[in-house]
Amino acid sequence: MLLAQFVGQDLGAEVTLVGTSEGALRFLGEDTYDIILLDLLLPGIGGIEILKRIRTESANKSTPVILVTILAQAASAGDRMSLGRAKALGANDLVSKPVDRKTLIAAIRAQLRAAD
């Protein structure tokens, strides 16, 4: 909810919050978005599978996706998510938790500019 608050206040954007993988798939199947912020650690099928489905099965195939995850900071190298790996999976950018507000807003702005 804090990320939604940042995006709403700093960008004046309308934000749709979804708390589960199934909910995300439902919303992504019904509507298109300007940008998607996706956590990898979601209840249900998980963020990587959601990302794969975004890129193959949804109307948001070309929508910029920014991964927001603690996995970029994880102690285990096997769990670590790098920007290169995120891009290989179809993400456009990666923001590590805990999220720095300025970093998140800059990443969103950069992706929105690139999408124009």
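Keep in mind the model is a prediction, meaning the values are calculated, not measured.

What follows covers the sheet that holds strand 3 (residues 93–96). Spatially, 1-2-3 is the arrangement adopted by the three strands of the open sheet, whose pairing is parallel. Looking at the sheet topology across the chains shown, the edges are occupied by strand 1 (36–38) and strand 3. Across this sheet, the average inter-strand angle for adjacent strands is 25 degrees, counted without regard to direction. Of the strand pairs in this sheet, strand 1 and strand 2 (residues 65–69) are connected by three bridges, and their pairing is parallel.

Next up on the list: the environment of Ser62. Summarising the element assignment, Ser62 is placed in the loop between helix 3 (47–57) and strand 2. Residues Ser62 and Gly90, 28 residues apart in the sequence, show an inter-C-alpha distance of 9.7 Å.

Here we come to helix 5 (residues 101–115). Along its 15 residues, helix 5 runs 21 Å from first to last C-alpha, staying within 8% of the 21 Å computed at 1.5 Å per residue. All of the buried residues along helix 5 are Leu104, Ile105, Ala107, Ile108 and Gln111. Buried residues of helix 5, seen end-on, are gathered within an arc of 160 degrees and therefore sit on one face of the element. Facing away from the buried surface of helix 5 by more than 90 degrees, the exposed residues are Lys102, Arg113 and Ala114.

Calculation notes
- All residue numbers refer to position in the chain's written sequence, counted from 1.
- Totals for whole chains, interfaces and linings use all residues, but because this is a predicted model, local features are given only for residues with pLDDT of at least 70 and pairs of side-chain atoms are given and counted only at 80 or more.
- Each side-chain value is worked out from all heavy atoms of the structure, with water and hydrogens disregarded.
- In short, DSSP must find at least two bridges between two strands for them to pair.
- The helix count covers DSSP runs of H or I at least four residues long, the strand count covers runs of E at least two residues long, and both are numbered beginning at the N terminus.
- Axis definition: a line fit to C-alpha positions, over the contact stretch in the case of helices; interaxial angles, taken between N-to-C directions, run 0 to 180 degrees.
- To estimate the expected span of a helix, subtract one from its residue number and multiply by 1.5 Å.
- Summary of the burial criterion: residues with accessible area below 20% of their type's maximum are buried, those above 50% are exposed, and those between are partly exposed, where the area comes from a 1.4 Å probe applied to protein chains only.
- Here the arc refers to the set of directions running from the helix axis out to each C-beta atom.

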